[in-house]
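# Reading the structure
Residue-level listing of the chains:
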Amino acid sequence: MRQYIFGTGLLSAITGGVTLLRGLKNDEPFTWRTALAWLSWGITLALAVGAVVDTRRARRGRVIAGDSPIQKKQGKLLKKRLAR
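Read on for an overview of the structure. (Residues numbered from 1 in each chain as written. Predicted model: local features only at pLDDT ≥ 70, side-chain atom pairs only at ≥ 80, totals over all residues. Heavy atoms only, no water.)

### What to know about the overall build of the protein
- Helix and strand content of the protein: four helices and zero strands.
- From first element to last, N terminus to C terminus, the protein shows the α and β order α-α-α-α.
- Going through the 84 residues of the protein one by one, you find that 18% of them count as buried.
- Partitioning the intrachain contacts of the protein with sequence separation of at least 6 by distance along the chain shows that 31% fall at a separation of at least 24.
- With an accessible surface of roughly 6700 Å², the protein has 61% of that area assigned to carbon and sulfur atoms. (Helix = DSSP H or I, 4+ residues; strand = E, 2+ residues; numbered from the N terminus. Buried < 20%, exposed > 50% of the residue type's maximum accessible area, 1.4 Å probe, protein only. Contact = heavy atoms within 4.5 Å. Areas by Shrake-Rupley, 256 points an atom, 1.4 Å probe, with all protein chains shown as cover.)

### Description of the packing of helix α2 (residues 8-24) against helix α3 (residues 32-59)
- Remark: α2 packs on α3, axes separated minimally by 9 Å, with the N-to-C direction vectors making an angle of 160°. Of the possible angle classes, the one that applies to α2 and α3 is roughly antiparallel. Between α2 and α3 the crossing geometry is left-handed. Where α2 approaches α3, its residues Gly9, Leu10, Ala13, Gly16, Gly17, Leu20, Leu21 and Leu24 are matched on the opposing element by Ala37, Trp38, Trp41, Thr44, Leu45, Ala48 and Val49. (Axes fitted to C-alpha atoms, helices over the stretch in contact; angles between N-to-C directions. Parallel < 35°, antiparallel > 145°, perpendicular 65-115°, else oblique. Left-handed = near helix turned anticlockwise from the far one by under 90°.)

### Here we look at the packing of aromatic side chains
- Enumeration according to the criterion identifies one aromatic pair in this entry.
- With a centroid separation of 5.6 Å and 85° between ring planes, the pair formed by Trp38 and Trp41 is classed as edge-to-face. Here Trp41 and Trp38 lie together in helix α3, a separation of three residues that amounts to about one turn.
- Relative accessible area serves as the criterion here: at 23%, Trp38 is assigned to the partly exposed category. (Phe/Tyr/Trp six-rings, centres within 6.5 Å; stacked < 30°, edge-to-face > 60°.)

### What about a positive patch on the surface?
- On the surface, Arg56, Arg57, Arg60 and Arg62 cluster together into a positively charged patch.
- Note that Arg56 resides in helix α3. (Patch = residues over 30% accessible without salt bridge, like charges linked within 9 Å, V, L, I, M, F, W, Y side chains within 5 Å. Salt bridge = Lys/Arg side-chain N within 4 Å of Asp/Glu carboxyl O. Lys, Arg positive; Asp, Glu negative; His and termini not counted. Charge placed at Lys NZ, Arg CZ, Asp CG, Glu CD.)

### A word on the side chain of Thr55
- Checked against the element boundaries, Thr55 lands in helix α3.
- Classification of Thr55 by relative accessible area gives buried; the value is 16%.
- Side-chain polar atoms of Thr55 contact the backbone oxygen of Ala51, separated by 2.8 Å. (Polar contact = N/O pair within 3.5 Å; in protein donor to acceptor, adjacent residues only side chain to side chain.)

Quick look at the structure:
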């Protein structure tokens, strides 16, 4: 489980969220740029979580979506799991 939690995508999404939260403390007005930053952060977090879910499914031998970046590595991940 720690390999998923400490993945670079998830860590960067979390640190990006912390940065956005710190920006809210400065009493600056909420502008369209801030809204886009929050939207971007949400998309980044969703993609990072999706990659974790796809990796876990691939390692367990389940079929993953064809548009996933993990799809090409699915066989390799399954072989690694079966070798244990």
